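Residue-level structure breakdown
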Amino acid sequence: MAFDMRFVIINKIGLIDSLSAGVATRLLETLSLPAPLFGLLHLFAERPDLPRTVTQLAKATNAPQPGVSKRVQKLVQRGLLREQPSDFDARQKLLFLTPEGRAQHAQAINLLVPAAGEVFADWNEADIQRLGAALDRIQATLTEKF
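These remarks concern the structure in this document. (Residues numbered from 1 in each chain as written. Predicted model: local features only at pLDDT ≥ 70, side-chain atom pairs only at ≥ 80, totals over all residues. Heavy atoms only, no water.)

1. Let's talk about helix H6 (residues 125–145)
The first and last C-alpha atoms of H6 sit 30 Å apart over 21 residues, in line with the 30 Å expected at 1.5 Å per residue. One side-chain oxygen at the N-terminal end of H6 lies 3.0 Å from the backbone nitrogen of Ala126; it belongs to Asn124. (Helix = DSSP H or I, 4+ residues; strand = E, 2+ residues; numbered from the N terminus. Expected span 1.5 Å × (residues − 1). Polar contact = N/O pair within 3.5 Å; in protein donor to acceptor, adjacent residues only side chain to side chain.)

Here it is as structure tokens:
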């Protein structure tokens, strides 16, 4: 049975995600940094000046809030994030990336980037840029419509 190519592409993206997550998990184990914790740390590293709440992180990662809360607490306990009460809502805590968090993120990136480089070793820059743009379109559509 032949499947619609659009379905095949989305399915392959999921498979690639699974395969790359396995590689990342093995590499990040050397830092005792599970991939889900790295994912949150990476969100903070992308905009280190921007404080976030657990609710915002849950929405950004499309993950259940209780699970995100547990991950955040692990990062706080390790000194990679710090909490500060919100000036506007006493029930809310703002989360900030610490210098230790930045350093841990940098170590993780130093492990992950060479692996990504191997995947694209025989690609030219134009092909990489086209793929990136196409993936951006898919992500934007999924975010907007679903």
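On we go from here.
2. Quick word on the pattern of salt bridges
For the coordinates displayed, the defined rule picks out 4 salt bridges. Of the charged contacts in the structure, one is a salt bridge between Glu83 and Lys93, with a shortest N-O distance of 3.8 Å. Of this pair, Glu83 sits in strand S1 (residues 81–85) while Lys93 sits in strand S2 (residues 93–97); the two residues are 10 residues apart in sequence, bridging distant segments of the chain. For Glu83, a relative accessible area of 30% corresponds to the partly exposed category. On the basis of relative accessible area, Lys93 is assigned to the partly exposed category, the value being 46%. Linking Asp127 and Arg130 is a salt bridge whose minimum nitrogen-to-oxygen distance equals 2.4 Å. Here Arg130 and Asp127 lie together in helix H6, a separation of 3 residues that amounts to about one turn. Residue Asp127 is classed as partly exposed on the basis of its relative accessible area, which comes to 29%. (Salt bridge = Lys/Arg side-chain N within 4 Å of Asp/Glu carboxyl O. Buried < 20%, exposed > 50% of the residue type's maximum accessible area, 1.4 Å probe, protein only.)

3. Re the nonpolar core
Side chains of a nonpolar character, in soluble globular proteins, are inclined to be buried together. Judged by nonpolar contacts, the single largest core of 23 residues is most densely connected at Leu28, Leu33, Leu40, Leu57, Val68 and Val72. Sequence-distant contacts of Val68, defined by excluding residues within four places in its chain, comprise Leu40, Val54, Leu57, Ala58, Thr61 and Ala63. (Core = buried A, V, L, I, M, F, W, Y, C linked by side-chain atoms within 4.5 Å. Contact = heavy atoms within 4.5 Å.)

4. A look at the packing of helix H2 (residues 35–46) against helix H5 (residues 99–119)
Axis separation between H2 and H5 bottoms out at 10 Å; the angle between their running directions is 110 degrees. By the angle class used here, H2 and H5 are roughly perpendicular. The handedness of the crossing between H2 and H5 is left-handed. From H2, Phe38, Leu41, His42 and Ala45 reach across to H5, where they touch Gly101, Gln104, His105, Ala108, Ile109 and Leu112. For the contact of H2 with H5, the residue count by class is 6 nonpolar, 4 polar and no charged. (Axes fitted to C-alpha atoms, helices over the stretch in contact; angles between N-to-C directions. Parallel < 35°, antiparallel > 145°, perpendicular 65-115°, else oblique. Left-handed = near helix turned anticlockwise from the far one by under 90°. Nonpolar A, V, L, I, M, F, W, Y, C, P; charged D, E, K, R; others polar.)

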